[in-house]
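Summary of structural features
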Amino acid sequence: MNIWKISLSNIFHKPLYALLSVLSLSISIGLLLGIQQLDASIKYQFENSLGDVDMVLGAKGSPLQLVLASVLHMDDPTGNISLAEAEKITKNPLIKKAVPISYGDNYQGYRILGSNDEFAGLYEAELAEGRKPSKSMEVILGSTVAEETDLKIGDTFMSSHGLTENTVEVHNHPLTVVGIYKPTYKVIDKLIVTQLESIWDVHEHGEEHHEEGEHQVGDEHHDEVEPQEEQNEEAHAGTASHQEEEHHHKESDKEITAMLVSFRNAMGMLTMPRRINKETNMQAALPNYELERLFNFTGVGVRVVSWIAYIILAISCVIIFISLFKMVRERAFDLALMRTYGASNFQLVCIVAYEGFLLVIISLLAGALLSQVGLHFAFSAFKSGYNQDILLKLPYTQMVKTVILILVMVGIAILLAILPILKMNVSKILSNEK
């Protein structure tokens, strides 16, 4: 007697119950496995993108916004801070590294970030080709930027003002690609990195161009009022004085968007942020703490989806139980007849158990496939929204626990369904059958 063939024939004998069982069970499995992988992958991506950054120093505002904007580059900055003032604070011996960053422009939606040579070290980024910038207006592309924009070494492009792609406010100073980073699956992959001087030069040239236009209009109006010689003398004296003051102003009041800080030990993390927030006009935010708060908010949604999946799983087990129990009751005579021909109770139980576990195996495969399809669309949406790839992270322990829970629940449904077989009175069933 081939028990597997009998189990398969029973499944095909009632295709509607089998389809409902597989469909509901695979949906619950797909939701559970998918949400676990998605949650683990996004958490890993965020935490991995922090690099070697323990604290962010920036303008007053929301600390979470400061972290999202200056570390993960997923939000708008809270404002600018004085480079000189930030450097005074970061000379503290508790600080191991302080890396200034400045941004405000983009190319095709990818942020152009000005910093120094230590920025790449925060993310352990290495050059795939080319070299580091040696002067203003030279840039290195993150791997995602190079892939999506098709820019190569030696290419030039114009940046746009703001953090979203636009063709209205385009700067007139071309940037030259001199290097491309290797993929890191960190935030640097979606950045265009240059020197701080590039950011300052682009915006200072824009301001000078605007001021020159205003001076030209003012001079034309002044010509109508004063004699030419008197105007030239005053203009010469005024221009010299203005240039001297402007030079001093530009050297002493350079601004940056934020300062990324690494501490030598935990003491700096415990003492410095509170002192900075209390005693200065700047803000210190701890990325790990802010991300933990963010995950607590998003965790509510994860738990809701998980509970929905568990409810569907319970319904699936009920459907499997009803299907198997109905089969045992409807085919009681056939089972009793098999018993008289020498089949043991164990073999009869195996017929029912194999049928249930066949449905579970099919559902597990379908659910795993469904979770991967869902993850593909979720990762594509994340990349479309934030210009960054996500590295799939498999929470093996959690997934194994989920599979064991599914098998236990289905096993309980099968055990309940086979109880009539264990209590079956063969002679009574055969005598009552016409």
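Counting restarts for each chain: residues are numbered from 1 in the order of the written sequence. It should be noted that, the model being predicted, local features are given only for residues of pLDDT at least 70 and side-chain atom pairs only at 80 or more, the latter also being counted only at that level, while totals for whole chains, interfaces and linings use all residues. Water and hydrogen atoms play no part in the side-chain values, which are based on all heavy atoms of the structure.

1. Let's talk about the overall build of the protein
Think of it this way: any DSSP run of H or I at least four residues long counts as a helix, any run of E at least two long counts as a strand, and we number them from the N terminus. Scanning the protein from terminus to terminus reveals 14 helices and 13 strands. For the protein, the proportion of its 434 residues judged to be buried stands at 43%. Contacts are residue-level and defined by heavy atoms, with any inter-residue pair within 4.5 Å sufficient. When contacts within the protein are restricted to residue pairs at least 6 apart in sequence, those whose partners lie at least 24 apart make up 81%. In this description, accessible areas are obtained by the Shrake-Rupley approach with a 1.4 Å probe, and a residue is regarded as covered only by the protein chains that are shown. Accessible surface computed for the protein: about 23100 Å², of which carbon and sulfur atoms make up 58%. Here's how the labels work: a residue is buried when its accessible area is under 20% of the maximum for its type, exposed when over 50%, partly exposed in between, all with a 1.4 Å probe on protein chains only.

2. Topic: the confidence of the model for the protein
The predictor reports its confidence for every residue as pLDDT, a score running from 0 up to 100. Mean pLDDT for the protein: 83, with 86% of residues reaching 70 or above. When pLDDT is averaged over each helix and strand of the protein, the minimum, 47, is found for helix α8 (residues 228–252) and the maximum, 96, for strand β6 (residues 138–141). Predicted confidence for residues 206–249 stays below pLDDT 50, and this span has 9 contacts to residues more than four positions away or in other chains.

3. With respect to the environment of W200
Take W200: it is sitting in helix α7 (residues 196–223). For W200, a relative accessible area of 13% puts it in the buried group. For the pair W200 and G114, spaced 86 residues apart in sequence, the C-alpha to C-alpha distance is 8.8 Å. Setting aside anything within four residues of it in sequence, one finds W200 in contact with L83, K254, E255 and I256.

4. Quick notes on the pattern of salt bridges
Definition used for salt bridges: Asp or Glu carboxyl oxygen within 4 Å of a side-chain nitrogen of Lys or Arg. Applying the stated criterion across every chain yields a total of 8 salt bridges. We note a salt bridge from E279 to R275, for which the minimum N-O separation is 4.0 Å. Here R275 and E279 lie together in helix α9 (residues 266–279), a separation of 4 residues that amounts to about one turn. Look at E279 and you get exposed, because its relative accessible area is 56%. With relative accessibility at 37%, the residue R275 sits in the partly exposed group.

5. Thoughts on the environment of F357
Topologically, F357 is positioned in helix α12 (residues 345–386). Between the C-alpha atom of F357 and that of I320, which follows or precedes it by 37 residues, the distance is 10.0 Å.

6. Quick look at the nonpolar core
If you look at soluble globular proteins, the nonpolar side chains tend to sit buried side by side. For this analysis, a nonpolar core means a set of buried residues of the types Ala, Val, Leu, Ile, Met, Phe, Trp, Tyr and Cys, connected via side-chain atoms within 4.5 Å. Of all hydrophobic cores here, the largest spans 37 residues; its most connected members are F119, Y123, I188 and L260. The set of elements that each furnish at least two residues to this core consists of α3 (63–70), β3 (95–107), α5 (119–122), β10 (191–195), β12 (258–263), α10 (287–330) and α12. Broken down by element, this core gets its largest block of residues, 5 residues, from α3. Not counting chain neighbours up to four residues away, the residues in contact with I188 comprise F119, A120, Y123, A125, G142, Y181 and V193. Ranked by size, the runner-up nonpolar core spans 32 residues in total, among them L313, L324, V328 and I418.

7. A closer look at empty space enclosed by the protein
Lining residues are defined by having an atom within 4 Å of a point belonging to a cavity or pocket. Those points lie on a 1 Å grid over the protein atoms alone, cavities being sets where a 1.4 Å probe fits but cannot get out and pockets being open sets with protein on both sides within 12 Å along at least five of seven lines. Grid points are joined across faces, edges and corners, and a volume is the space filled by probe spheres set on the points. Applying the stated criterion across every chain, the model contains 2 cavities of 30 Å³ or more. Roughly 50 Å³ of volume is contained in the largest cavity. In terms of lining, the largest cavity is formed by Q45, F46, S49, L72, M74, V187, K190, F382 and Q388. If you tally residues by element for the lining of the largest cavity, the top one is helix α2 (residues 15–49), at 3 residues. Classes in brief: Ala, Val, Leu, Ile, Met, Phe, Trp, Tyr, Cys and Pro nonpolar; Asp, Glu, Lys and Arg charged; the others, Gly included, polar. Looking at side-chain class alone, the lining of the largest cavity contains 5 nonpolar, 3 polar and 1 charged residues. Counted as a void, the second largest cavity has a volume near 40 Å³. D105, I112, S159, L175, T194, S198, I199 and V202 are the residues that line the second largest cavity. Sorting elements by how many residues they give to the lining of the second largest cavity places α7 first, with 3 residues. Taken together, the residues that form the lining of the second largest cavity break down as 4 nonpolar, 3 polar and 1 charged.

8. Section: the packing of α10 against helix α13 (residues 396–422)
Packing of α10 against α13 leaves a shortest axis separation of 9 Å and a crossing angle of 25°. It follows from the interaxial angle that α10 and α13 lie roughly parallel. Crossing hand, α10 versus α13: right-handed. On the side of α10, the interface is formed by Y310, L313, A314, C317, I320, F321, L324, F325 and V328, while α13 contributes L405, I406, M409, V410, A413, I414, L416, A417, P420 and I421. By residue class, the composition of the contact of α10 with α13 is 19 nonpolar, no polar and no charged. For every element, the axis is a line fit to its C-alpha atoms; helices are fit only across the contacting stretch, and the angle between N-to-C directions ranges from 0 to 180 degrees. If an angle is under 35 degrees, it is roughly parallel; if it is over 145, roughly antiparallel; if it lies from 65 to 115, roughly perpendicular; otherwise it is oblique. Handedness of a crossing follows from how the near helix is turned relative to the far one, being left-handed for an anticlockwise turn of less than a right angle and right-handed for a clockwise one.

9. Observations concerning the pairing of β10
Counted residue by residue, β10 has 5 buried out of 5 residues, so it is predominantly covered. Two strands qualify as a pair provided that DSSP identifies no fewer than 2 bridges between them. The pairing of strand β4 (residues 110–115) with β10 spans 5 bridges and is classified as parallel. In the sheet register, S115 faces β10, and the bridge partner there is Q195. In this sheet, β10 lies alongside β6 in antiparallel orientation, the contact comprising 3 bridges. Bridging across to β10, V139 finds its partner in T194.

10. Thoughts on the pairing of strand β13 (residues 282–285)
The side chains of a regular strand alternate between both faces of the sheet. By the alternation rule, side chains of β13 split into M282 and A284 and Q283 and A285, which are all buried. Of the strand pairs in this sheet, strand β1 (residues 55–59) and β13 are connected by 4 bridges, and their pairing is antiparallel. Within β13, the residue paired with G58 across the bridge is Q283.

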